[in-house]
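So you can see what is in the structure, the chains are spelled out below.
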Amino acid sequence: MLVAYTEKNEPFVLNSSMPQTTLYQLRKSKKFYCPLCKQQLLFKIGSLKIPHFAHYSKSSCEAQFSDRESEMHLKGKEQLYSLFNALKLEAQLEPYLPSIQQRPDILFKLKGNDDQRIAVEFQCSPISLEKLLERNNGYKREGISPIWIPSTPNKIVKKGIQRISLNKNYQQFREVTHPSYIMTYNPAVRQFFYISNLIYLHGNSFISKVQTISLTNQKFPFYIPKPITKNEFEQFWLIYQQVKHNYLQARVLFRRSGVNDILLRSAYELRMNLHSLPKYIGIPLKGSEELKVFSVDWQLALFYFIHTNKIELCHMKGQTIYYFLKWARMPETKIAYEVVSNYCTFLEKTSIQHSYQSIQDDKLLAILYNQFLAM
Ligand SMILES: [Zn+2]
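Residues numbered from 1 in each chain as written. Predicted model: local features only at pLDDT ≥ 70, side-chain atom pairs only at ≥ 80, totals over all residues.

1. Looking at the overall build of the protein chain
- In terms of regular secondary structure, the protein chain is built from 12 helices and 12 strands.
- Here the C-alpha coordinates of the protein chain stretch approximately 85 × 45 × 40 Å along the principal axes.
- For the protein chain, the proportion of its 375 residues judged to be buried stands at 31%. (Helix = DSSP H or I, 4+ residues; strand = E, 2+ residues; numbered from the N terminus. Buried ≥ 20, exposed ≤ 12 C-beta atoms within 10 Å, placed from the backbone.)

2. Side note on unusual backbone geometry
- Phe-220 connects to Pro-221 through a cis peptide bond whose omega is -5°.
- Examined against the element boundaries, Pro-221 turns out to sit in the loop between β12 (205-214) and α7 (230-253).
- A positive phi angle, near 50°, is found at Lys-310, a position not held by glycine.
- Lys-310 sits in the exposed class, given 6 other C-beta atoms within 10 Å.
- Of note in the backbone geometry, Ser-351 takes a positive phi value of approximately 55° without being a glycine.
- Here Ser-351 is to be found in the loop between α11 (334-349) and α12 (361-374).
- Judged by C-beta crowding, with 8 C-beta atoms within 10 Å, Ser-351 ranks as exposed.

3. Some words on the sheet that holds strand β10 (residues 181-186)
- In space, the 4 strands of this open sheet follow the order β9-β12-β11-β10, with antiparallel pairing throughout. Edge positions in the sheet fall to β9 (160-165) and β10, since each has one partner strand and no second. For this sheet the average axis-to-axis angle between neighbouring strands, irrespective of direction, equals 35°.
- Of the strand pairs in this sheet, β10 and strand β11 (residues 191-200) are connected by 6 bridges, and their pairing is antiparallel. Its bridge partner lying in β11, Tyr-181 is registered against Ser-196.
- Contacting β9, β11 and β12, α7 runs over the sheet at an angle of about 35° to β9. (Pairing = 2+ DSSP bridges. Axes fitted to C-alpha atoms, helices over the stretch in contact; angles between N-to-C directions. Contact = placed C-beta atoms within 7 Å.)

4. Quick look at the environment of Lys-363
- Here Lys-363 lies in helix α12.
- Considering only alpha carbons, one finds Lys-363 and Gln-20, 343 residues apart in sequence, at a separation of 64 Å.

5. Structural notes on the environment of Phe-43
- Mapping Phe-43 onto the fold places it in strand β3 (residues 41-44).
- The sequence separation of Phe-43 and Asn-85 amounts to 42 residues, and the corresponding C-alpha distance is 24 Å.
- When residues no more than four places from it in sequence are discounted, the contact partners of Phe-43 are Arg-27, Phe-32 and Phe-53.

6. Overview of the sheet that holds strand β6 (residues 106-110)
- Spatially, the 4 strands line up as an open sheet ordered β5-β6-β7-β8, and their pairing is mixed. The open sheet has two edge strands, β5 (91-93) and β8 (144-150), and neither has a second partner. On average, each strand axis in the sheet is tilted by 20° relative to the strand beside it, whichever way the strands run.
- For β6 and strand β7 (residues 113-123), the ladder comprises 5 bridges, and the chain directions are antiparallel.

7. Structural notes on the nonpolar core
- Formed by 83 residues in total, the largest nonpolar core has its most connected members in Ile-106, Leu-300, Leu-302 and Val-340.
- With 9 residues, the single largest contributor to this core is helix α9 (residues 295-308).
- The residues touching Val-340, leaving out its near neighbours within four places in the chain, are Ile-321, Phe-324 and Leu-325. (Core = buried A, V, L, I, M, F, W, Y, C linked by C-beta atoms within 7 Å.)

8. A few points about the environment of Lys-209
- Here Lys-209 shows up in strand β12.
- On a C-alpha basis, the gap between Lys-209 and Lys-363 in space is 23 Å, while along the polypeptide they are 154 residues apart.
- Dropping the residues within four chain positions of it, Lys-209 is found in contact with Ile-161, Ser-196, Asn-197, Ile-228 and Glu-232.

9. A word on helix α10 (residues 319-327)
- Turning to α10, its buried residues number three or more, namely Ile-321, Phe-324 and Leu-325. Summarising the axial view, the buried residues of α10 lie within an arc of 100°, below the 170-degree limit, and thus occupy one face. Residues of α10 that are exposed and point more than 90 degrees away from the buried face comprise Gln-319 and Lys-326.
- Each element contacted by the buried residues of α10 is listed here: α9 and α11. (Arc of directions from axis to C-beta.)

10. Focus: the domain arrangement of the protein chain
- Taken domain by domain, the protein chain comprises domain 1 (1-65), domain 2 (70-226) and domain 3 (232-374).
- In this assembly, 8 residues from domain 2 lie in contact with 12 residues from domain 3.
- Looking at the side of domain 2 that touches domain 3, the elements that each hand over two or more residues are β9, β11 and β12. (Domains from an automatic or database assignment.)

11. As for the packing of α7 against α12
- Axis separation between α7 and α12 bottoms out at 10 Å; the angle between their running directions is 105°. The angle between α7 and α12 places the two elements in the roughly perpendicular class. Note on element contacts: α12 touches α7 through Leu-365, Tyr-369 and Phe-372, opposite Lys-230, Phe-233, Glu-234 and Trp-237.
- Partitioning the contact of α7 with α12 into residue classes produces 5 nonpolar, no polar and 2 charged. (Parallel < 35°, antiparallel > 145°, perpendicular 65-115°, else oblique. Nonpolar A, V, L, I, M, F, W, Y, C, P; charged D, E, K, R; others polar.)

12. Thoughts on helix α8 (residues 262-269)
- All of the buried residues in α8 are Ile-262, Leu-263, Ser-266 and Ala-267. Seen from one end, α8 has its buried residues packed into an arc of 135°, which puts them on one side.
- Those residues of α8 hidden inside the fold are in contact with α7 and α9.

Dropping the structure here:
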């Protein structure tokens, strides 16, 4: 915690830029209390973490708000608080909201609209989607808009178009924030890292354009990433092709138990070479993470499905798509349906009916880029 009450019941906000001597003086001369449970607090001045308050022993407070804060959380909270102060927004650090029993990291009012309050949660530890939605509901009841800022994943250290790994915990922030990007913050370098324009590969793997903005350059409302250019999309496409190539190579080398491997089976039945698949088999599509497998797996399987069931591509609609999902052992959900349906529409647009047809690179790229912009 960075806020405590003094003996005079006045809130006291710790600031890591205070000189050490002042801090020691304060600790000697004053007593500090928890704003919530009113117990006396430890005033921690050490070399490991920035100065902060903590409970002496396990208290109910600790269980509720997790007192064992990481250095990253303390630092980030302090830095974000300083940002809102610099932007002249009326910000409060760690305010307790008794009506909903929640304590956001920061709460501030919108300029010129005192009724509109915004809660900021700097999330450094994993949080379940249920917990996240529960806290959002609490804020909603109070008429507060929440903004979640997860800490930047460790492995993301530079900006630019790159392959990244994003675990489920990060992926779920897309559901409660913006579907097209995740705004994260790294207190160690005082920078926001925007993970934008996500294209799903497989597993937890994505391609993303990572954009950065320093704490001092950030504004409120927060910076919104710009759409990517055609040129940038070509870089995405190059990485995508490379990953697809490596993936297929590995799949041929380390084949799974024969008949169960739908990719190898499809290629065999369609008399196709996995190393020279047409480019429209294995393309990125919006929402394809729902299918949990790499695009090339299910898209090749679709061609095998229509071949073996003697269905025309133009008849891949409605219940037939659900049959395909079931047959390919993929989730039979509405989103999965949409993804497959969009792929069929794409093939229709490009007049592809059979897997032996080819397509011009420019044409494919233009369609994919337009689709990508719409995401
Ligand atoms: Zn307490």
